[in-house]
Amino acid sequence: MSPPLPQPLAVLRDVFGFDAFRGQQAAIVDHVIGGGDCLVVMPTGGGKSLCYQIPALCRTGVGVVVSPLIALMQDQVEALRQVGVRAAALNSALDANEARAVERALVKGDLDLVYVAPERLLTDRFLDLLDEAPIALFAIDEAHCVSQWGHDFRPEYLQLEVLHRRYPTVPRIGLTATADGPTRADIAKRLGLDEAPLFMAGFDRPNIRYTVVPKLEPRVGLKRFLDGRKGEAGIIYCMSRAKVETMAEWCVAQGVPALPYHAGLDREVRACNHDRFLKEDGVVMVATIAFGMGIDKPDVRFVVHLDLPKTIESYYQETGRAGRDGLPSEALLFYGLEDVARLRQLMAGSEAAETHKRVEKAKLEALLGFCESARCRRQVLLGYFGETLEKPCGNCDICLNPVKTRDGTIEAQMALSCIYRTGERFGAVHVIDVLIGHETEKVKSFGHDQIKTFGVGKERSRDAWRGTIRQLAALGLVEVDLERHGALVLGQGSREVLRGERRVELREDPPPAIAPKRSRSN
Ligand code: ADP
Ligand code: ZN
């Protein structure tokens, strides 16, 4: 008789030496031990590894970990061996003999965990070996590599779907640190995890105070901000190299010890500025997003965006460089119309495929929704990552200075009902055409000039409706379906609004979002 399988908490304590699970770890571990698939999204350092390592030790057989990075594999295996776990890696860094030894151990059941690169896993040779070994689970690390929308696409990841077909009863757990809504859905779909639960956690950075201000007189605003923060280290992000240069000079002229950083500077200058930022106190780095990798400075007190970041994800990442020490820090974003125009233009001119463009567009809309939100910034931000913050945070501009809002229930009902009556199949342009009673060919061909909501919103401008829809999207009452050409669909809670059971608060005078040139394509 085989010995009884260990309990997760006992493994956590006895093997890894930790007292308690963090956040969602316990739920994830239980779920996987029970044989369930799942997708786990946690920021770097969130504790993803234990989510598959412990189930691998608590289930019969070997845990097979797919990982694209040999260096990381090696580190993990090293660390596991140190605590007595039987772990090995199979990758191109091994010679033939070493590889054979690992394979033998695998088949004999002498391994708790085996790390393997995707291209190796997918060979017939390896799959044949797996057929002979009992498998505890498959962990797919850096799961975003399966998505072309991410920044790290690896074509081999697309074939990992074979695991499910070949070993339908073995639980699979996908893990990643980066996944906004659309990418997340894409990952789940491509890995065949769309039915599996999603565990997201750990994205909140409570010590960072988020503030978004209209970009009216940015230098005046920036000066006031910097005057209150003499001697503090910070980063000021700008869109272009030229702007980095002028703003760095401007800062110096204001008496702020600022340095420029962008990819166009000489390597030595860059290295020197980077170094001074890390080592000296109170240096302000004026930079493009080229400044980011490897900034491991705990006491960055503020991150300012003088221009709109590309996506909510990049905003989260860039502002996340503030306050690593846990002390109060600021994230200040200047949000201007020209940014919107510029991003739209960039997108319109991009060579990307249509699907890709639609994703980009949805991401931009989400970012604008964040900027225009009348809701706690942190709730919107975390909501974007799929995490729920029950109460407003009390540490963002909206919580501290609530914006004027108006009762937008009626206009929300108009928009939602229009989306519903047109079958939740159309993008914003068409829905707005119907709302304002614009008789386009498309409207007529679908008979949407005959429905009840045709023209109900004609008192308001197209831009006003865009703002409303964007705010509804920010509230989650409307969702954008990327699988279907950016079609607007009703989100959670929208039915309550339609039935008159829920009031909708909208922001007064949202900054009108302008397109570079009114184009009629969507
Ligand atoms: P990720 O893979 O999400 O980036 P890791 O799995 O490497 O994160 O974990 C980050 C750090 O947190 C590691 O040093 C790990 O040992 C530690 N850690 C993870 N879970 C716990 C826990 N429950 N208790 C204490 N430390 C933990
Ligand atoms: Zn808040």
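Cut-offs and rules
In this convention, every chain numbers its residues from 1, walking through the sequence in written order. Chain A is the first chain written and ligand 1 is the first ligand written, with later ones labelled in order. Whole-chain, interface and lining totals are the exception, using all residues; otherwise, since this is a predicted model, local features are given only for residues with pLDDT of at least 70 and side-chain atom pairs are given and counted only at 80 or more. Values shown for side chains rest on all heavy atoms present in the structure; no hydrogens or waters enter the calculation. Each residue is assigned to one of three classes by its accessible area relative to the maximum for its type, calculated with a 1.4 Å probe on protein chains only: buried under 20%, partly exposed between the two thresholds, exposed over 50%. Only DSSP runs of H or I with at least four residues qualify as helices, and only runs of E with at least two residues qualify as strands; both kinds are numbered from the N terminus onward. The pairing criterion for strands is at least two bridges between them, as found by DSSP. We define proximity as follows: a residue is near a molecule or strand when any one of its heavy atoms falls within 4 Å of that partner. Under this definition, polar contacts are N or O atom pairs within 3.5 Å; protein pairs additionally need one hydrogen-donor-capable and one acceptor-capable atom, and for neighbouring residues in sequence, both atoms have to be side-chain atoms. Calculation of accessible area relied on Shrake-Rupley with a 1.4 Å probe; when residues are assessed, cover is drawn exclusively from the protein chains displayed. Put simply, buried Ala, Val, Leu, Ile, Met, Phe, Trp, Tyr and Cys residues joined by side-chain atoms within 4.5 Å make one nonpolar core. Here, residues are in contact when the closest pair of their heavy atoms is within 4.5 Å. Note: metal donors comprise N, O and S atoms at 2.8 Å or less from the metal (3.2 Å for Na, K and Ca); water molecules are not included, so apparent gaps in a site are possible. Donor angles set the geometry label: tetrahedral for four donors if every angle is between 85 and 135 degrees, square planar for four and octahedral for six if opposite donors exceed 155 degrees and the others are between 65 and 115, irregular for anything else. Arc definition: it is the arc formed by the directions from the helix axis to the C-beta atoms. Between 30 and 60 degrees the pair is tilted, below 30 it is stacked and above 60 it is edge-to-face, where a pair is any two Phe, Tyr or Trp rings, Trp via its six-membered ring, whose centres lie within 6.5 Å. For a lysine, the NZ atom is tested; for an arginine, the CZ atom; a charge sits over a ring if that atom is within 6 Å of the ring centre and within 35 degrees of the ring normal. Here an angle of 0 to 180 degrees is reported between the N-to-C directions of two axes, which are lines fitted to C-alpha atoms, with helices fitted over the stretch in contact. Angle categories are assigned with fixed cut-offs, so that under 35 degrees is roughly parallel, over 145 is roughly antiparallel, 65 to 115 is roughly perpendicular, and the rest are oblique. Each helix crossing is assigned a hand: it is left-handed if the near helix lies turned anticlockwise from the far helix by less than a right angle, otherwise right-handed if that turn is clockwise. To estimate how far a helix should reach, multiply one less than its number of residues by 1.5 Å. Salt bridge criterion: a side-chain nitrogen from Lys or Arg within 4 Å of a carboxyl oxygen from Asp or Glu.

*Asks:* Whenever I open this one, the pairing of strand β2 (residues 62-66) confuses me. Can you help?
*Replies:* In summary, the side chains of a regular strand alternate between the two faces of the sheet. Where burial is concerned, most of β2 is hidden: five out of the five residues are buried. Burial of the side chains of β2 extends over both faces: V62, V64 and V66 are buried on one face and G63 and V65 on the other. The pairing of β2 with strand β5 (residues 135-140) spans five bridges and is classified as parallel. Paired with V62 across the bridge in β5 is I135. Across four bridges, β2 lies against strand β4 (residues 113-116) in parallel orientation.

*Asks:* How should the site of ligand 1 be read in this particular structure?
*Replies:* Lining the immediate surroundings of ligand 1 are 13 residues, of which A20, Q25, G45, K48 and S49 lie closest. A distance of 3.3 Å is found between an oxygen atom of ligand 1 and a side-chain nitrogen or oxygen belonging to R22. At 2.7 Å from an oxygen atom of ligand 1 is found a side-chain nitrogen or oxygen belonging to S49. Isolated, ligand 1 exposes 560 Å² of accessible area, and the fraction of that covered by the protein chains is 67%.

*Asks:* Would you explain the nonpolar core in this entry?
*Replies:* Grouped burial of nonpolar side chains is what soluble globular proteins tend to show. In this structure, V64, L106, L121, L130, L160, F291 and F370 are the most contacted members of the largest nonpolar core, which totals 77 residues. The element contributing the most residues to this core is helix α15 (residues 354-372), with five residues. Residues contacting L121, with those up to four places away along its chain left out, are V64, V66, V116, F126, L127, L130, L160 and L163. Core analysis: the second largest hydrophobic core is formed by 33 residues, I28, Y52, V85 and L175 among them.

*Asks:* I keep staring at the coordination of the zinc ion (ligand 2) and nothing clicks. Help me out?
*Replies:* Tetrahedral metal sites with four donors have an ideal angle of 109.5 degrees; octahedral sites with six donors have ideal angles of 90 or 180 degrees. In the first shell of the zinc ion (ligand 2), the protein supplies C376 (SG), C393 (SG), C396 (SG) and C399 (SG), at 2.3 to 2.4 Å from the metal. Seen from the zinc ion (ligand 2), its four donor atoms lie at angles of 100 to 118°, and the figure they make is tetrahedral. If you list the donors of the zinc ion (ligand 2) from N- to C-terminus, the spacing comes out as C-x16-C-x2-C-x2-C. Residue C376 is found in the loop between α15 and α16 (377-384), and its partner C393 is found in the loop between α16 and α17 (397-400); the two are separated by 17 residues along the sequence. Its relative accessible area of 4% is what places C376 among the buried residues. Its relative accessible area of 23% is what places C393 among the partly exposed residues.

*Asks:* Explain helix α2 (residues 25-33) here, please?
*Replies:* The periodicity of an α-helix, 3.6 residues per turn, causes residues three or four places apart in sequence to face the same way. Taken together, the buried positions of α2 are occupied by Q25, I28, V29 and V32. Projected down its long axis, α2 carries its buried residues within an arc of 95°, all on one side. In the segment just after α2, G35 is the residue with positive phi, at about 95°.

*Asks:* Looking at this structure, I do not really get the packing of aromatic side chains. What am I missing?
*Replies:* A ring pair, where both rings are aromatic, is described by two values, the distance of the centres and the angle of the planes. Applying the stated criterion across every chain, the model contains nine aromatic pairs. Ring centres 5.4 Å apart and planes at 85° place the aromatic pair F277 and F291 in the edge-to-face group. On the criterion of sequence distance, the pair formed by F277 in helix α12 (residues 267-279) and F291 in the loop between β11 (284-287) and β12 (300-305) is long-range, its members being 14 residues apart. Accessibility expressed as a relative area gives 0% for F277, which makes it buried. Overall, the relative accessible area of 1% leaves F291 in the buried class. Joined through ring pairs, the aromatic side chains of Y210, Y315 and F370 make up one cluster. One cation-aromatic arrangement involves K297 over F277; the distance from NZ or CZ to the ring centre is 5.5 Å. A cation over an aromatic ring shows up here: R377 above the ring of F370, its NZ or CZ 5.7 Å from the ring centre.

*Asks:* Help me understand the environment of C376, please; the structure alone is not making it clear to me.
*Replies:* Distance in space between the C-alpha atoms of C376 and Y210 is 9.3 Å, their sequence separation being 166 residues. With sequence-adjacent residues up to four places away left out, C376 is seen in contact with P392, C393, C396, I398 and C399.

*Asks:* Could you clarify how one ought to interpret the sheet that holds strand β10 (residues 258-261) in this entry?
*Replies:* By definition, the strands of a sheet pair up through backbone hydrogen bonds, in either a parallel or an antiparallel sense. The six strands are arranged β8-β13-β12-β9-β11-β10 in an open sheet whose pairing can be described as parallel. Two strands close off the open sheet at either side, each with one partner strand: β8 (208-214) and β10. Recorded for the sheet is a direction-independent mean angle of 15° between the axes of neighbouring strands. Relative to β11, β10 runs parallel, the two sharing four bridges. When the bridges of β11 are listed, Y261 appears paired with A287.

*Asks:* Honestly, the sheet that holds strand β3 (residues 87-90) in this entry has me stumped. Any pointers?
*Replies:* Pairing within the open sheet is parallel, and its seven strands lie in the order β3-β4-β2-β5-β6-β1-β7. Single-partner strands in this sheet number two, and they are β3 and β7 (198-200). For this sheet, the mean angle separating the axes of adjacent strands, direction not counted, is 20°. Pairing of β5 with strand β6 (residues 172-176), which is carried by three bridges, proceeds in the parallel orientation. Its bridge partner lying in β6, I140 is registered against G174. On the sheet, helix α4 (residues 70-82) packs against β3 and β4 and is oriented at approximately 160° with respect to β3.

*Asks:* What exactly am I supposed to notice about the packing of α2 against helix α3 (residues 49-58) here?
*Replies:* Packed helices, taken two at a time, are described by the angle between their axes plus the distance between the axes. The interhelical angle for the contact between α2 and α3, taken along N-to-C directions, is 40°, at an axis separation of 9 Å. Here α2 is positioned oblique relative to α3, judged by the angle of their axes. Between α2 and α3 lies a crossing of right-handed hand. Counting all contacts with α2, which are made through Q25, I28, V29, V32 and I33, the residues of α3 involved are L50, C51, I54, P55 and C58.

*Asks:* Looking at this structure, how should I read helix α18 (residues 409-421)?
*Replies:* For α18, built from 13 residues, the straight-helix expectation of 18 Å at 1.5 Å per residue is met to within 8% by its first-to-last C-alpha distance of 18 Å. Turning to α18, its buried residues number three or more, namely T409, E411, A412, A415, L416, S417, C418 and I419.

*Asks:* Sorry if this is basic, but what is going on with the pattern of salt bridges here?
*Replies:* Pairs can form between side chains of opposite charge whenever their charged atoms are close. Under the criterion given, the structure shown has 27 salt bridges. Of the charged contacts in the structure, one is a salt bridge between R172 and D37, with a shortest N-O distance of 3.3 Å. Of this pair, R172 sits in strand β6 while D37 sits in the loop between α2 and β1 (38-41), and the two are 135 residues apart along the sequence. With its nearest N and O atoms 2.9 Å apart, the salt bridge here joins D112 to R86. Here D112 is found in the loop between α5 (96-108) and β4, whereas its partner R86 is found in the loop between α4 and β3, with 26 residues between them in sequence. Put simply, D128, D131 and R166 are held in one network by salt bridges that share partners.

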